[in-house]
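# Architecture and fold: a report
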Amino acid sequence: MKKSAKSRPYTTRDRYFFAAKQQGYRARSVFKLMQLQEKFGIIRPDSRVLDLASAPGSFLQYIAKIVRPDIPIVGIDIQRIEPLGRPNIHLLQSDIFEFVTIADFIHSLGIDDFDVITSDIAPATTGHTGVDQYRSIELNLAILQVADRFLRARWALVLKVFVGEDVNELVTAVKSRYEKLSRYKPSACRDRSFEEYFVCRGKRNPTG
Ligand SMILES: C[S@@+](CC[C@H](N)C(=O)[O-])C[C@H]1O[C@@H](n2cnc3c(N)ncnc32)[C@H](O)[C@@H]1O
């Protein structure tokens, strides 16, 4: 019998979904970060990484495999992130727009800045493509402000962007802050999705 669209959950059960399960990752998104890492080599064993929009935590799981266990990793999401059982991973439940909460948490850990900031942020989708795309731009503009303060000069920021007609607002904001912007769609992104990753390198202004 043919299944109705209603009975099918909106989960992409493709080879990445099954590979993530098999390899113990919390989400198929991990393959996007793996592909970004293969192409750009952004994260190093001594990189202090801030991962924004981390829940459920597959980026954090992968980052923790690259980074030395004595180097701090911070994960933040508006949803709760289940602990990953590693003392160097620090988790905060917060909205990305709560800059003071985020800054206080980072300072409470004795951290001044990060070498890499990754974000996989996705707005709760409304079904209206234009609205979802603009919301993604707003979220990413907030992330740029976090990076203005907490990313070391000359280092790298990774953004996930829902690309639509407002994307140039973000492109302009990135280019005023970073020497190089590379736009990349990992093959782990669904073909029909309008998401892309922005790899922003060479941060211009010093932090602090
Ligand atoms: C695609 S998921 C991230 C998956 C994650 N990278 C992983 O590997 O498990 C997108 C995340 O963006 C988060 N998010 C959306 N809006 C947010 C906001 N305003 N502040 C913080 N996180 C937000 C969602 O809660 C969701 O967990």
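What comes next concerns the included structure. Per chain, residues are indexed from 1 in the order of the written sequence. Selection of residues for local features in this predicted model requires a pLDDT of at least 70, selection of side-chain atom pairs for listing and counting requires 80 or more, and totals for whole chains, interfaces and linings are taken over all residues. Hydrogen atoms and water are omitted, and side-chain values are computed over all heavy atoms in the structure.

## Some thoughts on the pairing of strand S7 (residues 195-203)
Residue exposure (1.4 Å probe, protein chains only): buried if accessible area is under 20% of the type maximum, exposed if over 50%, otherwise partly exposed. In this text, helices come from DSSP runs of H or I with a minimum length of four residues, and strands from runs of E with a minimum of two, each type numbered from the N-terminal end. Among the 9 residues in S7, 8 count as buried, and that is most of the element. Criterion used throughout: strands pair if DSSP finds at least two bridges between them. As defined by bridge partners, strand S5 (residues 151-162) adjoins S7 across 6 bridges and the pair is classed as antiparallel. Following the sheet pairing, Val-158 is matched in S7 by Val-199. Sheet topology note: the strand S6 (residues 178-184)/S7 ladder contains 6 bridges and is antiparallel. What sits directly across from Ser-182, in S7, is Val-199.

## Considerations on the packing of aromatic side chains
Remark: the centre distance and the inter-plane angle together describe each pair of aromatic rings, the angle taken between the planes. Only Phe, Tyr and Trp rings take part, Trp by its six-membered ring, and two of them pair if their centres are within 6.5 Å. Stacked means planes under 30 degrees apart, edge-to-face means over 60, and tilted covers everything else. Across all of its chains, the model carries 5 aromatic pairs by this definition. With centroids separated by 5.4 Å and ring planes inclined at 45°, the aromatic side chains of Tyr-16 and Phe-31 adopt a geometry described as tilted. One end of the pair, Tyr-16, is in helix H1 (residues 15-22); the other, Phe-31, is in helix H2 (residues 30-40), with 15 residues separating them in the sequence. Residue classification places Tyr-16 among the buried residues on the basis of a relative accessible area of 9%. Aromatic side chains Phe-17 and Phe-18 sit 5.1 Å apart centroid to centroid with 90° between the ring planes, which places their arrangement in the edge-to-face category. On the accessibility criterion, Phe-17 (14% relative accessible area) is buried. Residue Phe-18 is classed as partly exposed on the basis of its relative accessible area, which comes to 45%. Criterion for a charge above a ring: Lys NZ or Arg CZ within 6 Å of the ring centre, and within 35 degrees of the ring normal. Looking at Lys-39, its charged tip hangs above the ring of Phe-40, at a distance of 5.8 Å from the centre. Its end group placed over the ring of Phe-150, Arg-149 keeps NZ or CZ at 4.5 Å from the ring centre.

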